[in-house]
Amino acid sequence: MGSYERPLVLPLLVACCALLSGRAGAAGHSVTPATPAPDSIGVLRPPLPVALDPFLADLEDRTFRFFWETGNAPTPPFASIAAAGFGLTGPSATPAPDSIGELHPPLPVALDPFVADLEERALGFFWETGNAPTPPLPSSAAGGSGLAGHWATPTPETTGALDPFFADLEERTFRFFWETGNPKNGLIPDRYPTPSFASIAAVGFGLTSYPIGVERGYILREAARARVLATLRFFVAADNQHGFFYHFIDMRSGARASESEVSTVDTALLLAGVLFVQSYFDSQDPQDMEIRALAEEIYRRVDWTWAQPRPPAVALAWTPEDGFASLDWNGYNEAMLVYLLALGSPTHPVGEQAWTQWTSSYDKHWATLYDQTYLSFAPLFGHQYTHVWVDFRGIQDGYMRDHGLDYFENSRRATYAQRRYAIANPKQWQGYGKNVWGMSASDGPGPARESNLGGDRRFLKYAARGVAVGRIVDDGTIAPTAAISSLPFAPEIVLPATLEMYRRFGSSIYSSYGFLDAFNASVRGSQSQPQPVLPGWVDPDYIGIDQGPILAMIENYRSALVWRVMRGNSYVREGLERAGFSGGWLAQGPLGPTALAPAPLGQYPLVLNPLATAALVQSPLAPTP
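If you're wondering where the values come from, they're calculated on a predicted model, not measured in any experiment.

**Q** Help me get a handle on the sheet that holds strand S4 (residues 262-263), residues and values and all.
**A** One open sheet accounts for 3 strands, arranged S4-S5-S6; its pairing is antiparallel. In this open sheet, the two edge strands, each paired with only one partner strand, are S4 and strand S6 (323-324). Sheet topology places S4 next to strand S5 (residues 317-319); 2 bridges connect them, and they run antiparallel. Counterpart to valine 262 in the pairing with S5 is tryptophan 318.

**Q** Please give an account of helix H18 (residues 544-559) that cites residues and values.
**A** The terminal C-alpha atoms of H18 lie 22 Å apart, and with 16 residues this matches the ideal 22 Å at 1.5 Å per residue to within 8%. Across the 16 residues that make up H18, a large majority, 16, are buried. Two residues or fewer after H18 comes alanine 560, characterised by a positive phi angle close to 60 degrees.

**Q** With reference to specific residues and values, describe the nonpolar core.
**A** Buried together is how nonpolar side chains tend to be arranged in soluble globular proteins. Ranked by internal contacts, the top residues of the largest apolar core, which has 155 residues, are Phe235 and Trp355. Looking at which element gives the most residues to this core, the answer is helix H9 (residues 264-280), with 11 residues. Not counting residues within four places of it along the chain, the set of residues in contact with phenylalanine 235 comprises Leu187, Ile200, Val203, Phe245, Ile249, Leu270, Ile298 and Arg301.

**Q** Give a detailed account of the environment of phenylalanine 235, specifying residues and quantitative values.
**A** Within the secondary structure layout, phenylalanine 235 lies in helix H8 (residues 221-237). For phenylalanine 235, a relative accessible area of 2% gives the class buried. Taking the C-alpha atoms as reference points, phenylalanine 235 and isoleucine 200, 35 residues apart in sequence, are found 9.8 Å from one another.

**Q** Hey, could you go over the packing of helix H6 (residues 164-180) against H18 for me, with residue numbers and the actual values?
**A** Two packed helices can be described by the angle between their axes and the distance between those axes. The interhelical angle for the contact between H6 and H18, taken along N-to-C directions, is 135 degrees, at an axis separation of 9 Å. One way to sum up the angle between H6 and H18 is to call them oblique. Relative to H18, the crossing made by H6 is left-handed. Here Phe166, Ala167, Leu169, Glu170, Thr173, Phe174, Phe176 and Phe177 of H6 come into contact with H18, specifically with Gly544, Gln547, Gly548, Ile550, Leu551, Ile554, Glu555 and Arg558. Of the residues in the contact of H6 with H18, the class split is 9 nonpolar, 4 polar and 3 charged.

What counts and how
Residues numbered from 1 in each chain as written. Predicted model: local features only at pLDDT ≥ 70, side-chain atom pairs only at ≥ 80, totals over all residues. Heavy atoms only, no water. Pairing = 2+ DSSP bridges. Helix = DSSP H or I, 4+ residues; strand = E, 2+ residues; numbered from the N terminus. Expected span 1.5 Å × (residues − 1). Buried < 20%, exposed > 50% of the residue type's maximum accessible area, 1.4 Å probe, protein only. Core = buried A, V, L, I, M, F, W, Y, C linked by side-chain atoms within 4.5 Å. Contact = heavy atoms within 4.5 Å. Axes fitted to C-alpha atoms, helices over the stretch in contact; angles between N-to-C directions. Parallel < 35°, antiparallel > 145°, perpendicular 65-115°, else oblique. Left-handed = near helix turned anticlockwise from the far one by under 90°. Nonpolar A, V, L, I, M, F, W, Y, C, P; charged D, E, K, R; others polar.

Shape descriptors only; they carry no functional weight alone.
Right, here's the structure in full:
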């Protein structure tokens, strides 16, 4: 380094330190990170700083070394101090105990993600234009389970490295379930930090999160096993109606809360998590065996035929005050999971005509919207929930077979339709664009009206927003879960959208547990600019059923973990086959209820965080006794 460069080093180090220690939001619109309520139940850690690209940590480290290693003090060099047992491995500094994301040896000079993309595209050129008798890259990547020429979406086995931001997002989202849940009974709050009762659907997503935490190295397998056992032991003894549970229950006692209904779809979401841990914990360890036995009892107890007051359809809900709801589940929406689990039951299954009834109304929802021809449902969660656990790539029922696609491709088209709607922005909301989009069921700034943008605008509270045939619900509210949970379907548009929302709005929408539930840039805040730097309204809460798909679908994109495990669950397979699904991985034959299919060669590696060592036993992530 020349002498003319030396005066710049100290300001550079100071600037890096300031960046890496900053926790506040943008001036004028900071959001206080979520902190535990006084009566909080879960295992809570201090609020995390907003994540920065690891390149900045590398820059700070390298700049520090300039002073340490070029000085003339008689102290040993940096590397030898590291080797002397000061907790440093090699020449890079050990992160603080609450550090986030992958820990690794010294970083090479950082490359723009564009370079990885360029490398992959160059490989594709040689692979796909060569004359070798091997299949082209997209079909071989699909492992023979896809529909030829059917979609261009990369499978998890062929995706390149994600931006480091996604590792941070995945871990923060995992911590929502681990830290806000009640370790004594496994119940997960419907929302946080607003005081809340538990949602049984959120518990289903929580059960799904724990093996992800194990595979990513956030928690030890023993800790996950203990939390799963606490959850299953609670539900095997919990109040139920013919195996179905109340939608909302008290976080501590488990008693019915807020006169809620016995919900068939929320029970199905819980059961999906139950079956996932049943298949994941597959060893002969006595606790793994207990997990499988408890899961079996909870699932077998559900009497799906009881929930058919108007067979062959399944009713939405039941209450002791009014009996069954007057409505049944008819397609197309998130209740696809209800029918698949009801068809797969070994004790009280519904008849196969239930799926025929379910699909009989599909034609009402099949249309072309924003250049996409698909089976529509307005909020994106309906295109995502069942896909959290079921790998629909290359498998088809009769309806999809007749229409030349599968449900995975259908969800990809739904994702594209929402993005194109945001680009068109027919209601002229602020902030919408090619990389800020996504509507689903979420909180909102209403109920309120505001004279803004040249007219009287109505803002909704909690609502199922979205775009479908004959139904558009749009008040300018964006829910990050809508786009992010579609990551496996359309990574080419979801990856840039996720990064753009973070880079544009920063800590105003991103805090301790990742993205807050929703935001709206058209609500007047403290700003008067026509194109606001920050949203005028940001939800103060995280919502469990929106956090769950974010976590699971990031992991499905990275490693297909949930999909691979659930392929081995015989009840899921039975439900699919009785619904008429065939092809793809279903043609490989039964795997058994607890068998885990081996990961294909070249699979995106499961990054192990060094925090998942013996030191983690003393970490705040360990469960409370």
